[in-house]
Amino acid sequence: MWGTLLNFSAAYLQAQQAVAKTLGISFSQEFVQMDEKLSWELWDEFGLSHVEDETVQQNYHSLYDAYLRKHFACIARAFGVRAETDAVLHAYYTGLSSSRKPMEPDTLALYEELSQQHTMIIATNGLGQVQRSRLRDFLPMTARLYISEEVGCIKPSTLFFKRIIDDLGRAPSECLMIGDSISSDINGAKHAGMATCWYNCKGSSSNPKTADYQISKLCELLPLT
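So, here's what we can say about the structure. Nothing here was measured: the structure is a model prediction, and the numbers come from that model. (Residues numbered from 1 in each chain as written. Predicted model: local features only at pLDDT ≥ 70, side-chain atom pairs only at ≥ 80, totals over all residues. Heavy atoms only, no water.)

## Here's the deal with the overall build of the protein chain
Part 1 of the argument: Along the backbone of the protein chain there are nine helices and five strands.
Part 2 of the argument: Along the protein chain, from the amino end to the carboxyl end, the secondary structure elements read α-α-α-α-α-β-α-β-α-α-β-α-β-β.
Part 3 of the argument: In terms of overall dimensions, the protein chain is globule-like: its C-alpha atoms have a radius of gyration of 18 Å, near the 17 Å expected for 225 residues.
Part 4 of the argument: In terms of overall dimensions, the protein chain has C-alpha extents of about 55 × 35 × 35 Å along its principal axes.
Part 5 of the argument: Counting over 225 residues, the protein chain shows a buried share of 45%.
Part 6 of the argument: Long-range pairs, those at least 24 residues apart, make up 54% of the contacts in the protein chain between residues at least 6 apart in sequence.
Part 7 of the argument: Counting every atom, the protein chain has about 11,700 Å² of accessible surface; 50% of that belongs to carbon and sulfur.
Part 8 of the argument: Side chains of the protein chain give 20 positive and 26 negative charges; the mean places of these two sets differ by 3 Å. (Helix = DSSP H or I, 4+ residues; strand = E, 2+ residues; numbered from the N terminus. Rg over C-alpha atoms; globule rule 2.2 N^0.38 Å. Buried < 20%, exposed > 50% of the residue type's maximum accessible area, 1.4 Å probe, protein only. Contact = heavy atoms within 4.5 Å. Areas by Shrake-Rupley, 256 points an atom, 1.4 Å probe, with all protein chains shown as cover. Lys, Arg positive; Asp, Glu negative; His and termini not counted. Charge placed at Lys NZ, Arg CZ, Asp CG, Glu CD.)

Here you go:
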């Protein structure tokens, strides 16, 4: 998921820079290419792309921790340096946590406008400490925040969405899930009986049958609500 409210690409760039600095490696195109190569290889090795798998859904965070540790060890080895893994992990998460760049310039203002008419819920995969820091600008207008580490499973797990529905005491059809990920956000919410809106911010030509609505800009939500 590259982001609905926040720009994950910008956050990941900060995290990459922090990792390189901690390892004592120049943040160069060579570093970026090696990081991306290892990322794709190890992501598949640890099965993290199989979010539909219940075992992955329930063990995602331990798998992700193991993935990161091997990832950083491999980067260090590729550049001939030693890695203090805990220090590199800390730098990585600090880099992510400190990035609060919104997906669109008026994202926060739009969110505040919507919150005046609707109960706003944020449902996100990730670690509690990281996501709470990144989302702090939105929290004053947010009724509830659901973070996968704290829920105990990731989207698209039905258990994740059931937790939200049970807490709200609403019929699933009364809830609208808005997200940029077809697999995690749209499919997961649809299986739980929610209405769905795909935020197609990258202009993909895909036409997912599971999405009730599709938008390319967040302001397009206003007529829907």
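## A word on a nonpolar patch on the surface
Part 1 of the argument: Residues Leu176, Tyr213 and Leu224 make up a contiguous nonpolar surface patch of about 240 Å² in total accessible area.
Part 2 of the argument: Mapping Leu224 onto the fold places it in the segment after strand 5 (213–215).
Part 3 of the argument: For Leu224, a relative accessible area of 35% corresponds to the partly exposed category. (Patch = residues over 30% accessible without salt bridge, like charges linked within 9 Å, V, L, I, M, F, W, Y side chains within 5 Å. Salt bridge = Lys/Arg side-chain N within 4 Å of Asp/Glu carboxyl O.)

## Remarks on the packing of aromatic side chains
Part 1 of the argument: Applying the stated criterion across every chain yields a total of 14 aromatic pairs.
Part 2 of the argument: Centre to centre, the rings of Phe31 and Phe79 are 6.0 Å apart; their planes meet at 40°, and the pair counts as tilted. In this pair, Phe31 is assigned in helix 2 (residues 29–45) and Phe79 in the loop between helix 3 (54–78) and helix 4 (85–97), connecting sequence segments 48 residues apart.
Part 3 of the argument: Judged by relative accessible area, Phe31 falls into the buried class, the value being 1%.
Part 4 of the argument: Between Trp43 and Tyr67, the ring centres sit 5.1 Å apart and the planes meet at 85°, which makes this aromatic pair edge-to-face. (Phe/Tyr/Trp six-rings, centres within 6.5 Å; stacked < 30°, edge-to-face > 60°.)

## Here we look at the pattern of salt bridges
Should the charged atoms of two oppositely charged side chains come close, the side chains can pair.
Part 1 of the argument: Counting across every chain of the model gives ten salt bridges.
Part 2 of the argument: The residue Glu41 makes a salt bridge to Lys37 at a minimum N-O spacing of 2.8 Å. Pair noted here: Glu41 and Lys37 are both in helix 2, with a separation of four residues, about one helical turn.
Part 3 of the argument: Using a relative accessible area of 43% as the deciding quantity, one classes Glu41 as partly exposed.
Part 4 of the argument: Judged by its relative accessible area of 45%, Lys37 is partly exposed.

## Thoughts on the pairing of strand 1 (residues 121–124)
Part 1 of the argument: As paired elements, strand 1 and strand 2 (residues 144–147) share four bridges and run parallel to each other. Directly across from Ile121, in strand 2, lies its bridge partner Arg144.
Part 2 of the argument: Once you follow strand 1 into helix 6 (residues 128–134) and on to strand 2, the crossover reads as right-handed. (Pairing = 2+ DSSP bridges. Right-handed = clockwise from strand over helix to strand, strands pointing away.)

## Looking at the sheet that holds strand 3 (residues 176–179)
Part 1 of the argument: Spatially, 3-4-5 is the arrangement adopted by the three strands of the open sheet, whose pairing is parallel. Two strands in the sheet have a free side with no partner beyond their single neighbour: strand 3 and strand 5. Between one strand and the next, the sheet's axes are offset by a mean angle of 20°, whatever the strand orientation.
Part 2 of the argument: Of the strand pairs in this sheet, strand 4 (residues 195–199) and strand 5 are connected by three bridges, and their pairing is parallel. (Axes fitted to C-alpha atoms, helices over the stretch in contact; angles between N-to-C directions.)

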